[in-house]
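Fold and contact review
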Amino acid sequence: MALPLHSLLFLFASFFLLQSPAYAATCSDCFTHSRAAYYPNSDELGTETGQCGYGSFGATINDGDVSAASDLYRDGVGCGACYQVRCTDSNYCSDKGVTVVITDHGSGDRTDFILSRRAFRKMAQTTDAATSLLALGVVDIEYRRVSCSYPNKNITIKIDENSNFPYYLGFVIWYQQGMKDITAVQLCETESFVCKLLDRSYGSVWTTTSPPSGMLSLRMLFSGDDGDETWVVPINNIPKNWKAGDIYDTGVQVN
């Protein structure tokens, strides 16, 4: 039995909507078009004063393939996220592009990314093409979020230099892995299991006054764009006599 005309039109419209940009925007493998610049007064690596709070580590993580982000910074939630970025001029640009880590907040001439010079050059096909890209200063790009991977590295925390035992504790999270954001952090006393929710001071820096005492268990909430959330509890604890400037390996990796 043939379908009525209005039913055929409805099916066609439904198919069209599924192919529309609104639907495509939900695709994790899809690229978004934008523009990118690079730090004009930096060396090949990133900046040591980025607003994610990484310090000198932020200049060298991912071998210096890093970037500042504008809207993707998301009030610090976007710190540590990884993106594949590739320019679109086939005369100069490779298909692979470069994978960068967000370590700073900033924007240029309608850009979503301000790359380190090293990362900007790596979008090119050849050394000569890289020189041409740098001369342009700002280029059209497409980007997508990808999983962060640090072989042989666990998620690590560095106690902030301004921390003051036992009254004030702050730390920054290094080597964030996978494709999810760290949206909440708790510290729990290992003996009493009393937990305290920390504040995101800025970027990837988490702080608390009157921190729990004794040996501390760290809990991190990883949240995905699809609404999936998972609490991750590292293997290693923070020593009860933690000190400003100390670095602690959590012993955990996240895919």
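Model, not experiment: these values are computed from the prediction.

Brief notes about the pattern of salt bridges
All chains considered together, the criterion is met by 12 salt bridges. Taking the shortest distance from any N to any O, the salt bridge between K122 and D65 comes out at 2.8 Å. One end of the pair, K122, is in helix α4 (residues 117-122); the other, D65, is in the loop between α3 (57-60) and β2 (66-69), with 57 residues separating them in the sequence. In this structure D65 comes out as buried when scored by relative accessible area, which is 4%. Here the salt bridges share partners, and the residues they tie into one network are R35, D109, R110 and D140.

Overview of the sheet that holds strand β9 (residues 181-189)
Strand order in this open sheet of four strands is β10-β9-β13-β14, and the pairing throughout is antiparallel. Lying at the two open borders of the sheet, with one neighbouring strand each, are β10 (195-197) and β14 (229-232). Strand-to-strand twist in this sheet, taken as the mean axis angle between neighbours without regard to direction, amounts to 25 degrees. By the bridge criterion, eight bridges tie β9 to strand β13 (residues 216-223) in an arrangement that is antiparallel. When the sheet's bridge partners are listed, L187 is paired in β13 with L218.

About the criteria used
- Residues numbered from 1 in each chain as written.
- Predicted model: local features only at pLDDT ≥ 70, side-chain atom pairs only at ≥ 80, totals over all residues.
- Heavy atoms only, no water.
- Salt bridge = Lys/Arg side-chain N within 4 Å of Asp/Glu carboxyl O.
- Helix = DSSP H or I, 4+ residues; strand = E, 2+ residues; numbered from the N terminus.
- Buried < 20%, exposed > 50% of the residue type's maximum accessible area, 1.4 Å probe, protein only.
- Pairing = 2+ DSSP bridges.
- Axes fitted to C-alpha atoms, helices over the stretch in contact; angles between N-to-C directions.

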